[in-house]
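Survey of secondary and tertiary structure
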Amino acid sequence: MRLSERIRYVGVNDNQTELFERQWPLPYGVSYNSYLVVDEKVALIDTAAAQFADEFFANIKSEIGDRPIDYLIVNHMEPDHSALQAAVRREYPACQIVTNAKAVPMIEGYQGIIDNIKVIKEGESLSLGEVSLQFFMVPMVHWPETMVTWSTEENTLFSGDAFGSFKAAPADVIDSKSSTFADYQDEMTRYYASIVGKYGSPVQAALKKLNGLEIKRICSTHGPVWEQSISQVVALYDRLSRYDADRGVCLAYGSMYGNTERAALELAEAIKAKGIPCAVHNLTEEDYSFALRDVFKYDTVILGSPTYNNGIFPPVRQLMQGICDRMVKGRRFLAFGSFTWAAASVKLLNEMAAAAGFEILSEGITFRQGYSKSKFDAEAIASLL
Ligand SMILES: Cc1cc2nc3c(=O)[nH]c(=O)nc-3n(C[C@H](O)[C@H](O)[C@H](O)COP(=O)(O)O)c2cc1C
Ligand SMILES: [Fe+2]
Ligand SMILES: [Fe+2]
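Quick caveat: nothing in here was measured; it's all calculated off a predicted structure. (Residues numbered from 1 in each chain as written. Chains lettered and ligands numbered in written order. Predicted model: local features only at pLDDT ≥ 70, side-chain atom pairs only at ≥ 80, totals over all residues. Heavy atoms only, no water.)

1. Describing the overall build of the protein chain
What counts, and what does not: Helix and strand assignments come from DSSP, with helices taken as H or I runs of at least 4 residues and strands as E runs of at least 2, each series counted from the N terminus. Atoms considered for the radius of gyration are the C-alpha atoms alone. The globule rule reads 2.2 Å times the number of residues to the power 0.38. Three exposure classes are used, based on accessible area relative to the maximum for each residue type with a 1.4 Å probe and protein chains only: buried under 20%, partly exposed in between, and exposed over 50%. To measure how exposed things are, a 1.4 Å probe is used in the Shrake-Rupley method; for residues, cover is taken only from the protein chains shown. Lys and Arg are tallied as positive, Asp and Glu as negative. Neither His nor the chain termini are counted. All charge positions are set by atom: Lys at NZ, Arg at CZ, Asp at CG, Glu at CD.
Scanning the protein chain for helices and strands turns up twelve helices and 23 strands. Expected size for 385 residues packed as a compact globule is a radius of gyration near 21 Å; at 24 Å, the protein chain falls within 12% of this value. Taken over the C-alpha atoms alone, the protein chain extends approximately 75 × 35 × 35 Å along its principal axes. Expressed as a percentage of its 385 residues, the buried residues of the protein chain come to 60%. Carbon and sulfur atoms make up 49% of the accessible area of the protein chain, which totals about 15,500 Å². Separation of charge centres in the protein chain, based on 37 positive and 48 negative side chains, amounts to 5 Å.

What follows is the structure in structure tokens.
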């Protein structure tokens, strides 16, 4: 697919895989984007996931026919992009790999390739003829070897996972009237929260480094190629990586016998009645990445957990641990839950929230056994927000 005279899309959509990294659900699929820059020399930027070899090579051939690929640019070594490097070498034996020093041992470790690798330094350029490619390190966005590739002549940033999104790319790949930023915003946020969320300060450093570039096209490794929505996409990444959030509540809960659940649903109604946005997530029915997405979106986190083996109910503990692992900052926090003989979950959740530096809105609400309005006054709790 032609993005410009010189830049071609050769990635693939994956609508079969159910779990990305074997853990994150893909209700709308995902894409593994790869690009050719076709000039006097031909460069391939990243590859695709292993199971798509046939489609990937067919895409390449349909763009360049029998022309050889001169360079394979390796921005990132996670196997969703690197798995076909050795296959590219088999198909194009003279193809030189162009990457940075940190990626070299990973290329050997994953792909067994040790020869014909050109190691570039920060800011170095590679001329392909009329078009040149320039390389900038963006460590931990999202591995230590990660870099981005910039073409001044094309005003195009090949950004790796940065600005990527779950959800398969649209048929014509680029964002447009029928595939807008708004159509991808939730899945982009969930991708960020799940995969990149821990690396807020490296993302900030990368954004500062790329600040001066006059970007007209962002070619990331997942989701659409951004042309119409560059300012929104960059602004979203800036906010997410600063842990900046909208006013609103992510209310997530787990419940075995429905008591904590009834409290959660009453509280959600009371919060919405005050005009405050409130996203509700049942963690026993839904993967926690959806709640994590809304933890990144909203400034208040409310968690409901029964006490379980003197601890937090495991699905809720998983979310709270996920929040702490990602070093989410600046949230307001409240916990509640049912117990039978000795309450523990709310106290433990509060301890984790305090360690994360969250503002704890109240000591939380524990109630013994069955739910009732007298034990759990949803309106009074909502008035704390
Ligand atoms: C496996 C299991 C372990 C539990 N451990 C505790 C506990 O350590 N302390 C306690 O007070 N209640 C404990 N409970 C009781 C639950 O907290 C109680 O049933 C609660 O009302 C469940 O809330 P729910 O209706 O929201 O699921 C346990 C229940 C189960 C099934
Ligand atoms: Fe990655
Ligand atoms: Fe990726």
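2. Concerning the coordination of the iron ion (ligand 3)
Six octahedrally arranged donors around a metal ideally form angles of 90 or 180 degrees; four tetrahedrally arranged donors ideally form angles of 109.5 degrees. For the record, the criterion: Atoms are scored as donors when they are N, O or S and lie within 2.8 Å of the metal, with 3.2 Å used for Na, K and Ca; no water is included, so coordination may look incomplete. Tetrahedral means four donors with every angle between 85 and 135 degrees, whereas square planar (four donors) and octahedral (six donors) require angles over 155 degrees between opposite donors and between 65 and 115 for all others; sites fitting neither are termed irregular.
All of the protein donors around the iron ion (ligand 3) are D80 (OD), H81 (NE2), D161 (OD) and H222 (NE2); their distances to the metal are 2.1 to 2.3 Å. Relative to the metal, the four donor atoms surrounding the iron ion (ligand 3) lie at angles of 85 to 171 degrees, and the coordination shape comes out irregular. On the primary sequence, the residues serving as donors to the iron ion (ligand 3) are separated as D-H-x79-D-x60-H. Separating the iron ion (ligand 3) and the iron ion (ligand 2) is a distance of 3.4 Å, and D161 donates to both of them. Across the pair, H81 and D80 agree in class, each one buried.

3. Section: the pattern of salt bridges
Threshold: By convention in these notes, a salt bridge is any Lys or Arg side-chain nitrogen within 4 Å of a carboxyl oxygen on Asp or Glu.
Counting across every chain of the model gives 18 salt bridges. Between E227 and R217 there is a salt bridge, and its shortest N-O distance comes to 2.9 Å. With E227 in the loop between β15 (217-220) and α7 (230-241) and R217 in strand β15, the pair connects residues that are ten residues apart, well separated along the chain. A relative accessible area of 25% means that E227 is categorised as partly exposed. Under the relative-accessibility criterion, R217 is labelled buried at 10%. What emerges from the salt-bridge pattern is a single network uniting D238, R239, R242, D244 and D246.

4. Concerning the coordination of the iron ion (ligand 2)
Protein ligation of the iron ion (ligand 2) involves H76 (NE2), E78 (OE), H142 (ND1) and D161 (OD), the donor distances falling in the range 1.9 to 2.6 Å. One way to put it: the four donor atoms around the iron ion (ligand 2) meet at angles of 87 to 158 degrees, and that makes the site irregular. Read from N- to C-terminus, the donor residues coordinating the iron ion (ligand 2) fall into the pattern H-x1-E-x63-H-x18-D.

5. Observations concerning the pairing of strand β13 (residues 147-151)
Stated formally: Two strands make a pair as long as DSSP finds a minimum of two bridges between them.
With five of its five residues buried, β13 lies for the most part within the structure. By the alternation rule, side chains of β13 split into M147, T149 and S151 and V148 and W150, which are all buried. Bridge analysis of β13 against strand β14 (residues 156-160) gives three bridges, and the strand direction is antiparallel. When the sheet's bridge partners are listed, T149 is paired in β14 with F158. Hairpin connection between β13 and β14: a loop of four residues separates the two successive antiparallel strands, and N155 in this loop has a positive phi of roughly 50 degrees.

6. Some points on the side chain of T47
Our working definition: Two N or O atoms count as a polar contact when they lie within 3.5 Å, although within protein this holds only if one can serve as hydrogen donor and the other as acceptor, and sequence-adjacent residues are included solely when both atoms are side-chain atoms. Throughout, a residue-residue contact means that at least one pair of heavy atoms, one from each residue, lies within 4.5 Å.
Following the sequence through the fold, T47 ends up in the loop between β7 (42-45) and α1 (53-64). Reaching out from T47, the side chain makes a polar contact with the backbone nitrogen of L84 at a distance of 3.4 Å. Other than its neighbours up to four places away in sequence, T47 contacts N33, S34, F56, L72, H81, S82, A83, L84, Q85 and V88.

7. Description of the sheet that holds strand β12 (residues 132-137)
Spelled out, the test is: For helices, the fitted line uses only the C-alpha atoms of the stretch in contact; every axis is such a line through C-alpha atoms, and the angle between N-to-C directions lies from 0 to 180 degrees.
The sheet built from five strands is open, its strands ordered β11-β12-β13-β14-β15 with mixed pairing. Edge strands, defined here as strands with exactly one partner in the open sheet, are β11 (125-127) and β15. For this sheet, the mean inter-axis angle between neighbouring strands, taken without regard to orientation, is 20 degrees.

8. Here's the deal with the domain arrangement of the protein chain
What counts, and what does not: Domains are outlined according to an automatic or database domain assignment. Summed over both partners, the accessible area (1.4 Å probe) lost when two parts come together is defined as the buried area.
Its domain assignment divides the protein chain into domain 1 (7-241) and domain 2 (246-382). Using C-alpha coordinates to define each centre, domain 1 is positioned 37 Å away from domain 2. Of the residues lining the interface, 15 residues belong to domain 1; the matching set on domain 2 comes to twelve residues. It is R190, A193 and K198 in domain 1 that bury the most area against domain 2; as a group they hold 36% of the surface buried on that side. Joining domain 1 to domain 2, the criterion identifies one salt bridge.

9. A short note on unusual backbone geometry
For residues other than glycine, phi is negative in most cases, and the peptide bonds are mostly trans. Residue H142 is bonded to the preceding V141 through a cis peptide linkage, with omega at 10 degrees. Mapping H142 onto the fold places it in the loop between β12 and β13. Of note, the phi angle at N116 is positive, near 55 degrees, even though the residue is not glycine. Positionally, N116 belongs in the loop between α4 (104-111) and β10 (117-119). Here K167, not a glycine, exhibits a phi torsion of approximately 90 degrees, which is positive. Tracing the backbone through its elements, the reader meets K167 in the loop between β14 and α5 (181-196).

10. Concerning the sheet that holds strand β6 (residues 35-38)
Across the sheet, six strands lie side by side as β1-β6-β7-β8-β9-β10; this open sheet has mixed pairing. With one partner strand each, in any of the chains shown, β1 (7-9) and β10 form the two edges of the open sheet. For this sheet, the mean angle separating the axes of adjacent strands, direction not counted, is 25 degrees. By the bridge criterion, three bridges tie β7 to strand β8 (residues 71-73) in an arrangement that is parallel. Bridge assignment links I45 to a residue of β8, and that residue is I73. Across the sheet, α1 is in contact with β1, β6 and β7; its angle to β6 comes to roughly 20 degrees.

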